[in-house]
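Chain by chain, the residues run as shown.
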Amino acid sequence: MWLKLFFLLLYFLVLFVLARFFEAIVWYETGIFATQLVDPVALSFRKLKTILECRGLGYSGLPEKKDVRELVEKSGDLMEGELYSALKEEEASESVSSTNFSGEMHFYELVEDTKDGIWLVQVIANDRSPLVGKIHWEKMVKKVSRFGIRTGTFNCSSDPRYCRRRGWVRSTLIMSVPQTSTSKGKVMLKEYSGRKIEVEHIFKWITAHAASRIKTIYNAEHLKEEWNKSDQYWVKIYLFANLDQPPAFFSALSIKFTGRVEFIFVNVENWDNKSYMTDIGVYNMPSYILRTPEGIYRYGNHTGEFISLQAMDSFLRSLQPEVNDLFVLSLVLVNLMAWMDLFITQGATIKRFVVLISTLGTYNSLLIISWLPVLGFLQLPYLDSFYEYSLKLLRYSNTTTLASWVRADWMFYSSHPALFLSTYLGHGLLIDYFEKKRRRSNNDEINANNLEWLSSLWDWYTSYLFHPIASFQNFPVESDWDEDPDLFLERLAFPDLWLHPLIPTDYIKNLPMWRFKCLGIQSEEEMSESSQDTENDSDSDSTDTFSSKDIFEDKQSVVHSSPGRASHCDAESCSCANKYCQTSPCERKGGSYGLYNTNEDMEPDWLTWPADMLHCTECVVCLENFENGCLLMGLPCGHVFHQNCIVMWLAGGRHCCPVCRWPSYKKKQPYAQHQPLSNDVPS
């Protein structure tokens with residue numbers, strides 16, 4: 001996951017550098033930047049009209065170029081980037097789709113239940129022709145779609161009862177606008193009552209109703225009162241302009257950001273005293289001023305801050321985002337990161353897509369699951385301060401120059417999706433090349449054959465189906481179906497056998513094995529007492545008399561002796577089953593499993609035991625004590641047995657410890673036990 005995240009961040013860095021490279025090329029060829037201002041005098045009449053249409057200003061009553069140019073200057077400064085975007089949008093001959101409503105419920109779900117948008121619906125009455133013709137309606141749809149206004153057609157023949165209840169007895173135009181200034185409030189339906197059925201007149205009717213929701217200030221006293229007022233809105237954007245009404249994009253944004261940002265239009269057309277505007281920092285007309293608790297920000301002074309709907313929408317979204325905006329952003333980033341798996345995974349083509357589908361499903365599921373508690377926490381009233389501080393941090397970071405570059409690059413690549421996809425593909429191919437080269441240098445096996453990979457996938461699936469427990473282990477699984485197909489038929493004949501999983505015995509080879517070893521540490525007085533006891537014994541043939549000289553190291557065992565130990569016992573002269581190494585059965589006592597107990601001075605050499613094995617002296621399988629030199633085997637739980645005993649136990653299908661029933665193929669955390677020293681007195 002971290003590798004994919006690193007590659008995704010590297011890809012964003014490549015996009016950032018590539019955008020700067022394109023800017024350098026444009027500057028080298030034309031000598032202009034995207035942020036460079038354009039003089040409207042040098043533009044043609046067609047380009048001026050294109051700018052006004054993108055900003056949403058009517059020019060039907062302005063026949064001369066001079067009047068159109070002045071209207072462009074009154075609405076805001078024009079940059080090269082905005083001019084390029086407007087001309088590109090005009091040249092695009094894409095047809096905008098319009099919704100055809102099937103009935104009352106469809107109309108209610110899309111129009112009346114939409115709280116943050118504008119709908120323009122043409123109602124066609126029964127046995128009547130539409131109010132707007134097909135050609136003019138297509139122009140109208142294309143014109144209003146620039147400002148996020150959705151369109152549709154409702155034919156009363158599909159639901160005449162609903163039309164009669166609404167009073168739609170003749171063909172008309174209906175516009176839905178949010179009724180209140182709160183988010184997700186009620187909507188109201190307005191009917192067009194004009195006589196002129198022309199695109200410009202209908203558009204002017206739409207913009208007039210949308211602009212009526214914006215608070216308008218006409219004098220300095222009202223401005224001073226509004227500027228010093230503190231209300232529920234943390235973010236306010238002011239438009240100081242010499243216009244009759246705000247542009248359509250400004251009105252459309254006020255509806256889109258209902259409840260988040262307050263839009264205020266200051267009409268300075270008839271102002272005589274403009275000293276207060278100088279006091280608050282407004283020197284030029286027109287000006288777009290963003291006021292936040294952190295201060296005043298002048299929109300239009302940084303890269304990508306154009307006087308258009310798309311530019312201001314991305315700017316306001318970065319300052320005051322909704323939870324849905326953050327979710328969509330996280331969804332895009334997670335899927336871009338998941339698609340990196342297509343290039344990181346090496347091998348067969350089918351393998352790449354299988355891994356990709358698995359990664360996409362996993363990442364999206366985890367994203368949705370992780371968002372559920374976040375949405376729950378955001379509803380808590382105790383997190384209001386956290387929410388405010390988060391928005392404050394966003395406002396501080398997104399009003400920087402770097403943030404303006406990122407927004408400009410986002411608008412550039414979103415308007416050129418082919419360039420975005422091609423750079424992503426090129427980045428992925430480079431990752432695939434270097435990853436393949438790295439694996440070849442490390443001599444990693446790469447299965448590039450689709451059939452071989454599908455065969456291995458089928459083997460894994462059958463292993464998971466018929467060996468459910470063993471499929472989760474780290475050891476390799478060898479299927480028995482290839483050797484004996486009759487075993488598969490036998491299992492089908494006895495369904496109860498499916499409930500008992502088969503576990504391969506390969507893990508037994510990896511279990512720890514060692515030899516049991518006894519130590520003898522005796523003083524001279526104890527040696528003499530031991531010799532006297534043996535001489536007085538009636539059965540001299542059954543006694544074993546030995547001294548420290550008779551003890552030597554067993555050649556068949558692996559013993560690591562410490563400097564403080566000078567003598568050992570061998571298998572012929574000493575046995576842990578004899579009286580010198582006699583021990584009690586395995587018992588759990590204190591912190592160890594089966595504390596040893598010697599009758600005399602002989603004790604096992606615990607240094608030869610693995611660190612995670614419990615100390616005991618008896619095998620619970622055969623119930624016999626460990627003899628010196630015998631081969632032992634330990635299980636992951638820490639219990640120790642004779643090697644032959646435990647192998648026969650496990651090979652019989654009982655893959656668990658005879659003592660604690662812990663699975664013999666599953667690792668377990670070792671016990672924190674006290675290791676007895678050689679000079680400890682056994683109890």
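One can find the structure itself at the top, above this paragraph.
Residues numbered from 1 in each chain as written. Predicted model: local features only at pLDDT ≥ 70, side-chain atom pairs only at ≥ 80, totals over all residues. Heavy atoms only, no water.

Structural notes on the pattern of salt bridges
Where charged atoms of side chains with opposite charge meet at close range, the side chains can pair.
Step number 1: Under the defined criterion, the tally for this structure stands at 25 salt bridges.
Step number 2: The shortest N-O distance in the salt bridge between Glu 200 and Lys 143 comes to 3.6 Å. Pair noted here: Glu 200 is in helix H8 (residues 199-211) and Lys 143 is in helix H6 (residues 134-144), with a separation of 57 residues, a long-range link.
Step number 3: Judged by its relative accessible area of 22%, Glu 200 is partly exposed.
Step number 4: Among the residues examined, Lys 143 registers a relative accessible area of 12% and is labelled buried.
Step number 5: A salt bridge links Glu 226 to Lys 215, with the shortest nitrogen-to-oxygen separation between them at 3.3 Å. (Salt bridge = Lys/Arg side-chain N within 4 Å of Asp/Glu carboxyl O. Helix = DSSP H or I, 4+ residues; strand = E, 2+ residues; numbered from the N terminus. Buried < 20%, exposed > 50% of the residue type's maximum accessible area, 1.4 Å probe, protein only.)

Let's talk about empty space enclosed by the protein
Step number 1: The final tally for this structure, using the stated rule, is three cavities of 30 Å³ or more.
Step number 2: Reported here for the largest cavity is a volume of approximately 50 Å³.
Step number 3: If you go around the largest cavity, the residues you meet are Ile 118, Phe 147, Ile 149, Ile 206, Thr 207, Ala 210, Ala 248, Ser 251 and Ala 252.
Step number 4: Only H8 and helix H10 (248-256) provide two or more residues apiece to the lining of the largest cavity.
Step number 5: In terms of residue class, the lining of the largest cavity is built from seven nonpolar, two polar and no charged. (1 Å grid on protein atoms, 1.4 Å probe; cavity = no way out; pocket = protein on both sides within 12 Å on 5 of 7 lines; lining within 4 Å. Points joined across faces, edges and corners; volume = space filled by probe spheres on them. Nonpolar A, V, L, I, M, F, W, Y, C, P; charged D, E, K, R; others polar.)

A few points about the state of the cysteines
Step number 1: What the rule picks out here adds up to one disulfide.
Step number 2: Here Cys 156 connects covalently by a disulfide to Cys 163, the sulfurs 2.2 Å from one another. Its torsion about the S-S bond being -95°, the disulfide of Cys 156 and Cys 163 is classed as left-handed.
Step number 3: When its relative accessible area of 1% is taken as the criterion, Cys 156 is described as buried.
Step number 4: Given a relative accessible area of 2%, Cys 163 falls into the buried group.
Step number 5: Free of any disulfide, Cys 622 has its nearest cysteine sulfur in Cys 645, 3.8 Å distant.
Step number 6: Using a relative accessible area of 28% as the deciding quantity, one classes Cys 622 as partly exposed. (Disulfide = S-S within 2.5 Å.)

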